[in-house]
Amino acid sequence: MAIARLTWFDANRVLAAFGVVLIHSTTDFEGQAFGQEAAADRVVPVVLRAVGNLSGSEMFFTFSLFLLAMSVDKKRRDYRDVISLYAKRLLLPFAFWAFFYVWFRLIKAHAFDYSDSMWMQISEARNWLGYAFLGSSQYHLHFLPTLFVLILFFPLFRSATRYPLLGLGIVATLGAMANAQGYIWDLELDLLTTQFLARGAKILGYLGFGLAAFAIYGMTREGVSRGEARQIRGAALIMVLVALIAALPYYGAAVQTGTYGYGVGWTLFGLLLVPVAVFYVFLGTRYANWSPKWSEFAKYTFGIYLVHPIFVDLFDICAFSSGYYLAVKPGLYCVTKFIFASAASVALTFVLSKSAFLAWTVGLGSEVKKSAIRESKAPA
């Protein structure tokens, strides 16, 4: 049955993976909103980015912590077992990809003629602290070390399983994070120190995603009827709309200036909380006739997340060298980049998953794979 296999949840995971790819496909060569183009031509990339942000990396935090809640509740794992398991799941792939991307970035640096500065960065020993602990060798790797530190706090989250109202604590933690990070970035400190302090504030803020994820699991454990599911879905859709409205200044500024800036105030809340609202939308569809194929594909989502920057960069390099970026509008450029990066990421993840030696790099080593499949099939 669809409910027993949590296919609503697996569908969410799949779409979240492609949402992250979409986010990183909506930029120019400098990672911005096509500042050299007319404002009207920026609309499509910015709208696509808004769609991707419905399930960005914050969604990965939420569903990863949801799986953790399920695991510690059903498997009765103690603290040491949980930390040991997730160290294997997260830190081993992180070490591999952090090292890989240090050197892979040189390909793009050479193509765009900034390899000297990249070599200078690599040659400074202190930058390797950022690579090793912050995941700064590539923009998406922050997820793995941050998630691992959050998992250290899972006993704190468990109270939200019994009392789901505690999930609202995410508003307080994100507010504290935003306030602290604003102060930290204004300090006259060296960049690496600032980055470590800002990451500490981020971990404080993202404790709220643990509370929210465990609260959602608590609701599913107690049972959600068909009528309650419809009510949750309707309320969650309204909250998605509210979050998008709150984030309008971010998207409007991107269209006007050609720069993806930083959310502040309620804009930040809109950007960060919309994935949680989307998670509730999917919870509200738990009785829908989801195909089991969602669950079969979901195990590849971690790998897609890890490898997709390879193909985003390769597409940019090819588009630059061939002149393709000059021949099309930004909207079409983003769509074709997304299609290429998505298809290639799925293919590479599938190939790696079949390797007895490299499957662990995409979270599909034998022990991890069996555990993930068991959790995915568990009733909720």
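Quick note: structure is the one above.
Keep in mind the model is a prediction, meaning the values are calculated, not measured.

(A) Structural detail: the overall build of the protein chain. Along the protein chain, the regular secondary structure elements total 19 helices and 0 strands. Taken over the C-alpha trace, the protein chain has a radius of gyration of 20 Å; the compact-globule value for 380 residues is 21 Å, and the two agree within 12%. Relative to its full complement of 380 residues, the protein chain shows a buried share of 53%. Within the protein chain, residue pairs in contact and separated by at least 24 positions form 82% of the contacts whose partners lie at least 6 positions apart. Looking at the protein chain as shown, the accessible area adds up to about 17,300 Å², and 67% of this sits on carbon and sulfur atoms. The protein chain carries 32 positive and 22 negative side-chain charges, and their two centres are separated by 14 Å.

(B) Spotlight on the layout of surface pockets. Here the second largest pocket defines a volume of roughly 630 Å³. Lining the second largest pocket are 24 residues, with Leu 168, Met 239, Leu 273, Val 276 and Ala 277 positioned closest to its centre. Breaking the lining of the second largest pocket down by element, the ones donating at least two residues are α10 (169-186), α11 (191-222), α12 (226-246) and α14 (266-283).

(C) Region of interest: the nonpolar core. Core analysis: the biggest nonpolar cluster contains 89 residues, and Trp 8, Leu 65, Phe 66, Leu 68, Trp 97 and Ile 151 have the highest contact counts within it. Ranked by size, the runner-up nonpolar core spans 10 residues in total, among them Val 46, Ala 50, Ala 247 and Tyr 251.

(D) Up close: the pattern of salt bridges. The tally for this structure, following the rule as stated, stands at 8 salt bridges. For Lys 337, the salt bridge goes to Asp 316, with nearest N and O atoms at 3.0 Å. One end of the pair, Lys 337, is in helix α18 (residues 330-353); the other, Asp 316, is in helix α16 (residues 301-322), with 21 residues separating them in the sequence. For the pair Lys 337 and Asp 316, a shared accessibility class is recorded, and that class is buried. Several salt bridges share partner residues, and in doing so they unite Lys 108, Asp 313, Asp 316 and Lys 337 into one network.

(E) Local environment of the environment of Val 72. Its location among the elements puts Val 72 in helix α3 (residues 57-74). Under the relative-accessibility criterion, Val 72 is labelled buried at 2%. Sequence spacing of Val 72 and Asp 186 is 114 residues, and the spatial spacing of their C-alpha atoms is 40 Å. Contacts of Val 72, omitting those with residues within four sequence positions, involve Arg 77, Val 82, Phe 154, Arg 158 and Phe 214.

(F) Region of the structure containing the side chain of Thr 146. Tracing the backbone through its elements, the reader meets Thr 146 in helix α7 (residues 143-151). Residue Thr 146 is classed as buried on the basis of its relative accessible area, which comes to 1%.

(G) Just the environment of Gly 175, in detail. Here Gly 175 lies in helix α10. Spatially, the C-alpha atom of Gly 175 lies 20 Å from that of Ser 55, the residues being 120 residues apart in sequence.

(H) Local environment of α3. Helix length check: α3 (18 residues) gives 26 Å between terminal C-alpha atoms against 26 Å at 1.5 Å per residue, within 8%. Most of α3 is tucked away: 17 of the 18 residues are buried. Just beyond α3, the residue with positive phi is Arg 76, at close to 55 degrees.

(I) A look at a nonpolar patch on the surface. Residues Tyr 79, Leu 152, Phe 153 and Leu 156 make up a contiguous nonpolar surface patch of roughly 340 Å² in combined accessible area. Within the element layout of this structure, Leu 152 appears in the loop between α7 and α8 (154-157).

(J) Layout of unusual backbone geometry. One non-glycine residue, Phe 34, lies in positive phi territory at about 55 degrees. Residue placement: Phe 34 occurs in the loop between α1 (7-23) and α2 (43-52). Residue classification places Phe 34 among the buried positions, given a relative accessible area of 9%. For Asp 113, which is not glycine, the phi torsion reads 65 degrees and is therefore positive. Turning to its location among the elements, Asp 113 is positioned in the loop between α4 (79-111) and α5 (115-123).

(K) View of the packing of α1 against α14. Two numbers describe how α1 lies on α14: the axes approach to 9 Å, and their chain directions differ by 140 degrees. When you trace α1 past α14, the crossing you get is right-handed. Each of Trp 8, Phe 9, Ala 11, Asn 12 and Leu 15 in α1 lies in contact with α14, whose residues at this interface are Phe 279, Phe 282 and Leu 283.

(L) The arrangement of α4 in detail. End to end, α4 covers 47 Å across 33 residues, agreeing with the expected 48 Å (1.5 Å per residue, within 8%). Along its length, α4 shows its largest kink, about 35 degrees, at Ala 87. Once α4 finishes, Asp 113 follows within two positions and takes phi at roughly 65 degrees, a positive value.

(M) Structural view of the packing of aromatic side chains. Counted according to the given criterion, the structure contains 49 aromatic pairs. On the numbers, 4.9 Å between centres and 55 degrees between planes, the contact of Phe 29 with Phe 112 is tilted. Of this pair, Phe 29 sits in the loop between α1 and α2 while Phe 112 sits in the loop between α4 and α5, and the two are 83 residues apart along the sequence. One exposure class covers both Phe 29 and Phe 112, and it is buried. One aromatic cluster in this structure is built from Trp 8, Phe 9, Phe 60, Phe 61, Phe 63, Phe 66, Phe 143, Tyr 206, Phe 209, Tyr 217, Phe 279 and Tyr 305. The ring of Tyr 260 has Arg 49 sitting right over it, with the charged end atom 3.8 Å from the ring centre. Taking the ring centre of Phe 112 as reference, the NZ or CZ of Lys 108 above it sits at 5.8 Å.

Calculation rules
Sequence order as written defines the numbering, with residues in each chain counted from 1. Where local features are concerned, this predicted model is filtered to residues with pLDDT of at least 70; where side-chain atom pairs are given and counted, the filter is 80 or more; whole-chain, interface and lining totals use all residues. To get the side-chain values, all heavy atoms of the structure are used, and hydrogens and water are removed first. Under the DSSP-based scheme used, a helix requires at least four consecutive residues in state H or I and a strand at least two consecutive residues in state E, with every element numbered from the N terminus. The atom set for the radius of gyration is the C-alpha atoms, and the globule formula is 2.2 Å times the number of residues raised to the power 0.38. Residue exposure (1.4 Å probe, protein chains only): buried if accessible area is under 20% of the type maximum, exposed if over 50%, otherwise partly exposed. Contacts are assigned to residue pairs that have any heavy atoms within 4.5 Å of one another. Per-residue accessibility takes into account occlusion by the displayed protein chains alone, with areas from the Shrake-Rupley method and a 1.4 Å probe. In this count, Lys and Arg are taken as positive residues and Asp and Glu as negative ones, while His and the chain termini are left out. By convention, the charge on Lys lies at NZ, on Arg at CZ, on Asp at CG and on Glu at CD. Grid points spaced at 1 Å over the protein atoms alone were grouped into cavities, where a 1.4 Å probe fits but cannot get out, and pockets, open sets with protein on both sides within 12 Å along at least five of seven lines, with lining residues defined by an atom within 4 Å of a point. Grid points are joined across faces, edges and corners, and a volume is the space filled by probe spheres set on the points. By convention a nonpolar core is built from buried Ala, Val, Leu, Ile, Met, Phe, Trp, Tyr and Cys residues, the set being connected through side-chain atoms within 4.5 Å. Should a side-chain nitrogen of Lys or Arg be within 4 Å of a carboxyl oxygen of Asp or Glu, the pair is scored as a salt bridge. Helix span is expected to be 1.5 Å times the residue number reduced by one. Patch rule: a residue counts if its relative accessible area is over 30% and it has no salt bridge; like charges are joined within 9 Å, and nonpolar side chains (Val, Leu, Ile, Met, Phe, Trp, Tyr) within 5 Å. Angles shown run from 0 to 180 degrees and are taken between the N-to-C directions of axes, each axis being a line fitted to C-alpha atoms and, for helices, limited to the stretch in contact. Should the near helix be turned anticlockwise from the far one by less than a right angle, the crossing is termed left-handed; should it be turned clockwise, right-handed. Throughout, the bend at a residue refers to the angle made by two axes, fitted to the seven residues ending there and to the seven starting there. Only the six-membered ring of Trp is used, alongside the rings of Phe and Tyr, when aromatic pairs are assigned; centres must lie within 6.5 Å, and planes under 30 degrees apart are stacked while those over 60 apart are edge-to-face, with the rest tilted. By the criterion adopted, a ring carries a charge over it if an Arg CZ or a Lys NZ lies within 6 Å of its centre and within 35 degrees of its normal.

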